[in-house]
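Chain by chain, the residues:
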Amino acid sequence: MPEMVYYYDGSFEGFLCCIFDSYANKEVLTAIYRDEDFVPTLFASRAIQTDQSHAKRVFRKIVKCSPYTANLLQKCFLTCLPEKELSMYRLVVKLLREGPGFLGNFSDPVLHPVAKAVQHLLAEAHLLKGFVRFSELDGVLGGEIEPKNRVLPVLRSHFCARYQNEKFFIYDRTHKEALFYANGKAVIRPLDDFQMAPPDETEANYRILWKRFYDTIAIRERYNPKCRMTNMPKRYWNTMTEFQDASYFKAQSSPAAVSAPGVPAGISAPGKPPGHGPSAPESAL
Amino acid sequence: MDVLEKLTILTDAAKYDAACTSSGGTRGSKKGYIGNTSSSVAGCCHSFSADGRCVTLLKVLLTNRCIYDCKYCVNRRSNDTKRAAFTPEELADLTINFYRRNYIEGLFLSSGVFRSPDYTTELMIRALRLLREQYRFNGYIHAKAIPGTSPELVEQLGLLADRLSVNIELPSEAGLKALAPDKTKQAILTPMRQIQARNQQSKEELVKYRHAPKFAPAGQSTQLIVGATRDSDLHILRLTQGLYDRYRLKRVFYSAYVPVVEHALLPAKDVKPPLLREHRLYQADWLLRFYGFRAEELLDEQNPDFDPRVDPKCSWALAHPAFFPVEVNTADYSALLRIPGVGVTSARRILAARRSGRLHIDDLRKLGVVMKRAQYFLTASGKAAEGLRFTQDSLLRGLIAAERPLLPQQEAIQLSLFDPVG
Ligand code: SF4
């Protein structure tokens, strides 16, 4: 069978159509790229049109063979796995050729990269369930994240259940999309640019209280920055209240500087950029 | 005194309690209420403090005023420290507003004994009721049951909280007499027994009527202080085993004693908290809860304390050479779990993967097996890892080296004290 590079529109349905067309054209895919990543290549290539009915047929077929794989593919599509489409395509090809028997073996060379990437996605989403920080502005809760994977679809049900009576949004800076929720309805939409408004008095006050709590709860005799970093990698700190510098805790309406939220007895969390070591108790306040 | 100052004092006074987990919650979201409890077994960490510990709940005392004089405690009556108390409104407001901002998973409310155990518990109930009923808070609440509280009040507390805990703190009666003269073993065990019985009863009722009230649905836990008294690891682990067996505790927490006071009966103030020992106890506790080990298997009268150099599972493996190597293609689940470097997940994956073909050494790493440790203890299709040669001595050194980078910093420093000199 001839080898071929496919281009598609970047949607999950588009990806499914690549699979559909590869079977229809009897072609083996060596790469699958999104249209926007197009680079002129020496290899034979084909641009795939997205056809919803084709996509549906492929997906139904996969679900019939293995609902587990169908779910895995939907999740893998959200991951940052390099050339994820190719790994996913190979998984589908193997599934359709051999049946679902090999799926029990996590170390299977075709399954492993996909399952591993999904694990990474779910692990990141799990951490972010805790690390997302909301600010309240005019009755709406808003938060920002910078994840490696597209976690918003995974986080959606968790936050919608938890804050069912609230209006909230989470902005994903990496993938430039946002999850909006109000009155029982949630949508995820692309959003090119977003700037969080500065806090009002009340909001600034809760930020200060939280930072104070955070800095006080650590036990000085057990100070262990390495352990903290292992559990909470630094790349998450950027969007977390406890690691922001003094300006983050100043209300917009009050020109008088709010005193930096240092702690008499605690360990002050480093502001941005994160420094090292506990600040001496005398220097705080 | 403003709320910021109260929060500082009452957090500082609560920070030595190790329990900070939201696991085991079963609270689904409820119309008109805010919050639920996350169903994940691992619980949900919202941050990690500078000492590397998970921050999941707003962990504070209602008040640090206390009529008792436990020698090891910063809140003891005789300690000259600033005292404060939250009003129920302040506490409820903080909890809700922290929760809405996703700072926390819920509230962990403890308290010094103000006037009497009953009086304190009544204050706690007032705060929790306000939070549940007026603020319609449906997230996680962990409340401390104070020894000596009357059963009726413990009952009310349990209907408001997801988890209750009674801290044993000192692992032996002698320790209790010397260091916490106001508390007795009996006063600690009574509420524990009540909580267990009520929790059991409420589970049975829930099977019959869907709307039966839930009593502490996430069960109960306790904490033991390690290193304030001379109790051995064996003593502590046996106590733990008994608590899991007889009181059906969900968790036992260990807290390395941080010297906060100069006292003849306590370690001097410059003694470092025994973090490595605490770490080994947590590892052993894990083996009891998930790996099918019993306390007696891990320690005995000849070896009453853990070998600081290797983790308890490796220790057990080294003492039972006849059990190994385990053949991963045929061993049952419980035997797989005994291999150092094989965890619950990788053991399950081995079982599943075996069904579609024989496993070889090279497959194991991908299944999540930590080969650095496991290689000494297993074969796959009759073969050991390529080029593996070791003596009893180099095996021990290999295991120590394999764990070293995984140990938290302070623990690693304490471990280095056991390095051979020269
Ligand atoms: S009763 Fe609790 S708070 Fe009071 S001194 Fe004893 S341990 Fe501390």
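Keep in mind that this is a model prediction, so the values were computed, not measured. (Residues numbered from 1 in each chain as written. Chains lettered and ligands numbered in written order. Predicted model: local features only at pLDDT ≥ 70, side-chain atom pairs only at ≥ 80, totals over all residues. Heavy atoms only, no water.)

Caption draft 1: Local environment of the interface of chain A and chain B. Contacts between the two partners involve 57 residues from chain A and, on the opposite side, 64 residues from chain B. Carbon and sulfur atoms make up 55% of the area that chain A and chain B hide from each other, which totals about 5200 Å². Sorting the residues of chain A by area buried against chain B places Arg162, Tyr206 and Arg222 of chain A first, and these three jointly supply 16% of that buried surface. The interface formed by chain A and chain B includes six salt bridges. (Contact = heavy atoms within 4.5 Å. Buried area = accessible area lost by both parts, 1.4 Å probe. Salt bridge = Lys/Arg side-chain N within 4 Å of Asp/Glu carboxyl O.)

Caption draft 2: View of the pairing of strand 2 (residues 28–34) of chain A. Where strand 1 (residues 3–8) of chain A lies against strand 2 of chain A, six bridges are found, and the strand directions are parallel. Each residue of the ladder has a partner; that of tyrosine 7 of chain A, found in strand 2 of chain A, is tyrosine 33 of chain A. (Pairing = 2+ DSSP bridges. Helix = DSSP H or I, 4+ residues; strand = E, 2+ residues; numbered from the N terminus.)

Caption draft 3: Main features of the confidence of the model for chain A. Residue and element names in this part refer to chain A. Residue-level pLDDT values for chain A average 89, and 88% of them are 70 or greater. Across residues 255–262, where pLDDT falls below 50, the model places 14 contacts with residues more than four positions away in sequence or in other chains. Residue range residues 272–285 is modelled with pLDDT below 50. Its contacts to residues more than four positions away, or to other chains, number 24 contacts. (pLDDT = per-residue confidence, 0-100.)

Caption draft 4: Here's a closer look at the packing of helix 3 (residues 117–134) of chain B against helix 4 (residues 151–160) of chain B. Residue and element names in this part refer to chain B. The interhelical angle for the contact between helix 3 and helix 4, taken along N-to-C directions, is 25 degrees, at an axis separation of 10 Å. Classified by the angle their axes make, helix 3 and helix 4 are roughly parallel. Note that helix 3 runs across helix 4; the crossing there is left-handed. Contact with helix 3, carried on its side by Asp118, Thr121, Glu122, Met124, Ile125, Leu128, Arg129 and Arg132, involves Leu153, Gln156, Leu157 and Leu160 of helix 4 and no other residues of that element. (Axes fitted to C-alpha atoms, helices over the stretch in contact; angles between N-to-C directions. Parallel < 35°, antiparallel > 145°, perpendicular 65-115°, else oblique. Left-handed = near helix turned anticlockwise from the far one by under 90°.)

Caption draft 5: Representation of empty space enclosed by the protein. Residues and elements named next belong to chain B. Taken as a whole and judged by the stated rule, the model has one cavity of 30 Å³ or more. Taken as a whole, the largest cavity spans an internal volume of roughly 670 Å³. In this structure, the largest cavity is lined by 37 residues; those nearest its centre are Tyr72, Cys73, Asn75, Asn167 and Glu169. Contributions of two or more residues to the lining of the largest cavity are made by strand 3 (57–61), strand 4 (106–110), strand 7 (220–226) and strand 8 (251–256). Here the lining of the largest cavity gets three residues from one element, more than from any other, and that element is strand 3. For the lining of the largest cavity, the per-class residue count stands at 23 nonpolar, seven polar and seven charged. (1 Å grid on protein atoms, 1.4 Å probe; cavity = no way out; pocket = protein on both sides within 12 Å on 5 of 7 lines; lining within 4 Å. Points joined across faces, edges and corners; volume = space filled by probe spheres on them. Nonpolar A, V, L, I, M, F, W, Y, C, P; charged D, E, K, R; others polar.)

Caption draft 6: Quick look at the packing of helix 3 (residues 67–76) of chain A against helix 5 (residues 111–131) of chain A. Residue and element names in this part refer to chain A. Where helix 3 contacts helix 5, the axes come no closer than 9 Å and their chain directions differ by 60 degrees. Here helix 5 runs oblique to helix 3, going by the angle between their axes. Pair helix 3 / helix 5 crosses with left-handed handedness. Residue-level contacts link Tyr68, Leu72, Lys75 and Cys76 of helix 3 to Leu111, Val114, Val118, Leu121 and Leu122 of helix 5. Considering only residue class, the contact of helix 3 with helix 5 consists of eight nonpolar, no polar and one charged.

Caption draft 7: Looking closely at the sheet that holds strand 8 (residues 185–190) of chain A. Residue and element names in this part refer to chain A. Strand order in this open sheet of five strands is 4-5-6-7-8, and the pairing throughout is mixed. Looking along the sheet, the strands with just one partner apiece sit at the ends: strand 4 (134–137) and strand 8. In this sheet, adjacent strand axes meet at a mean angle of 20 degrees when their direction is disregarded. One ladder, built from four bridges, connects strand 4 with strand 5 (residues 140–145); its direction is antiparallel.

Caption draft 8: Layout of the domain arrangement of chain A. All names here are of chain A. Annotation of chain A at the domain level lists domain 1 (3–122) and domain 2 (130–190). Each partner contributes to the interface: domain 1 provides six residues, whereas domain 2 provides six residues. In terms of surface lost to domain 2, no three residues of domain 1 exceed Leu78, Cys80 and Leu121, which account for 71% of the buried area on that side. Taken together, the links from domain 1 to domain 2 amount to zero salt bridges. Linking domain 1 with domain 2 are three residue pairs in polar contact (both at pLDDT 80 or more), by the criterion used here. Of the residues assigned to the side of domain 1 that touches domain 2, the class counts are four nonpolar, two polar and no charged. (Domains from an automatic or database assignment. Polar contact = N/O pair within 3.5 Å; in protein donor to acceptor, adjacent residues only side chain to side chain.)

Caption draft 9: The state of the cysteines, seen in detail. Residue and element names in this part refer to chain B. The full count for this structure, using the stated rule, is one disulfide over all chains. Paired through a disulfide, cysteine 45 and cysteine 54 show a sulfur-sulfur distance of 2.2 Å. Across the S-S bond of cysteine 45 and cysteine 54 the torsion is about -115 degrees, and the bridge reads as left-handed. On the accessibility criterion, cysteine 45 (22% relative accessible area) is partly exposed. (Disulfide = S-S within 2.5 Å. Buried < 20%, exposed > 50% of the residue type's maximum accessible area, 1.4 Å probe, protein only.)

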